[in-house]
Amino acid sequence: MGNLNHLACIMDGNGRWAEQRGLKRTDGHKEGAYAAERVAKGCIKNGIRFLTLYCFSTENWKRPKDEVNYLMGLLSMQVQANIPKFNKLDIRILFLGNKEGMPESAYKGLMKAVEATKDNSTLTVQLAINYGGWDEIARAANKAVESGITTFTPETLLSFVDNPTVPSPDMIVRSAGEKRLSGFLLLQSNYSEFGFYDELWPDWNETMVDRIVDDYLSRTRKYGGLVK
């Protein structure tokens, strides 16, 4: 088993965390942003080079309008405010998702962070916003067709995903005890390991990343073959 190079997180449980404490759901999302920062630091400590965070899915637009507006504002504000911190920690930010339908201010704020951190290299963080696996596959296929490709292989589609230079995740984890992918990285997760943990996302920290790394290193990845 090699080192864990790319960790992908489905961040679940912000609302439940807040409700358990008699707080507003938006308070849970705010704490979830702090948890994301702790997890990123845990990745750096463990030598993980890529971190993908499932922030907002293409289905999350079904949530109450006030909550959606808060989430979009929080994402834009936090990403821009943390640019100095990203640069200090040598974190590169990438956008993963469909810009169509996103509020213009949120998208511009995200792109500001992408541009400001483009030369950083210790940890690359993909923020999956307005993201869905089916949506990404469809957009990749359309881009391939527009480029003149008519015969497809899995490798063809992978070369047209949003960030084709980012390797597929070694391990995909989800918080709050839920055990499903919810459309996350459907094309890239072909041979990913999976981990489902009961802790709600706002309670995640660097120690949680240590636990995930230990879990990953205890497994044997065979990629359909046999272990020699």
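Model, not experiment: these values are computed from the prediction.

K.L.:
Looking at this structure, how should I read empty space enclosed by the protein?
P.N.:
Sizing a probe to match a water molecule and rolling it over the atoms shows the empty space that remains. Within this structure, the stated rule accounts for one cavity of 30 Å³ or more. If you go around the largest cavity, the residues you meet are Met72, Leu75, Ser76, Val79, Met102, Ala106, Leu110 and Ile129. For the lining of the largest cavity, the elements supplying multiple residues, two or more each, are helix H3 (65–81) and helix H5 (104–116). The element contributing the most residues to the lining of the largest cavity is H3, with four residues. Residue classes in the lining of the largest cavity are distributed as seven nonpolar, one polar and no charged.

K.L.:
I tried to follow the layout of surface pockets on my own but got confused; where do I start?
P.N.:
In this structure, the largest pocket occupies an estimated 910 Å³ of space. What lines the largest pocket is a set of 43 residues, and nearest its centre among them are Met11, Asn14, Tyr54, Cys55 and Trp201. Put simply, the parts of the chain that give the lining of the largest pocket at least two residues each are helix H1 (14–20), helix H2 (25–45), strand E2 (50–57), H3, helix H4 (83–89), strand E3 (91–96) and strand E4 (123–131). A per-element tally of the lining of the largest pocket places H2 first, with nine residues. For the lining of the largest pocket, a count of residues per class yields 21 nonpolar, 10 polar and 12 charged. Size it by volume and the second largest pocket reaches roughly 230 Å³. Every residue along the wall of the second largest pocket is listed here: Leu94, Phe95, Gly97, Asn98, Lys99, Glu100, Val114, Arg139, Lys143, Asp162 and Asn163. Of all the elements in the fold, those that place two or more residues in the lining of the second largest pocket are E3 and helix H6 (133–146).

K.L.:
What is the right way to read H2 from this model?
P.N.:
Each α-helix winds once per 3.6 residues, and so residues spaced three or four apart point in a common direction. Between its first and last C-alpha atoms H2 spans 30 Å; for 21 residues at 1.5 Å apiece the expected length is 30 Å, and the two agree. Those residues of H2 that fall on the buried side of the exposure criterion are Thr26, Gly28, His29, Gly32, Ala35, Ala36, Val39, Ala40, Gly42 and Cys43. The buried residues of H2 all sit within an arc of 155° when viewed along its axis, so they share a single face. Directly after H2, the chain includes Gly47, whose backbone phi takes a positive value near 75°.

What counts and how
Residues numbered from 1 in each chain as written. Predicted model: local features only at pLDDT ≥ 70, side-chain atom pairs only at ≥ 80, totals over all residues. Heavy atoms only, no water. 1 Å grid on protein atoms, 1.4 Å probe; cavity = no way out; pocket = protein on both sides within 12 Å on 5 of 7 lines; lining within 4 Å. Points joined across faces, edges and corners; volume = space filled by probe spheres on them. Helix = DSSP H or I, 4+ residues; strand = E, 2+ residues; numbered from the N terminus. Nonpolar A, V, L, I, M, F, W, Y, C, P; charged D, E, K, R; others polar. Expected span 1.5 Å × (residues − 1). Buried < 20%, exposed > 50% of the residue type's maximum accessible area, 1.4 Å probe, protein only. Arc of directions from axis to C-beta.

Any functional reading would require information beyond the geometric quantities listed.
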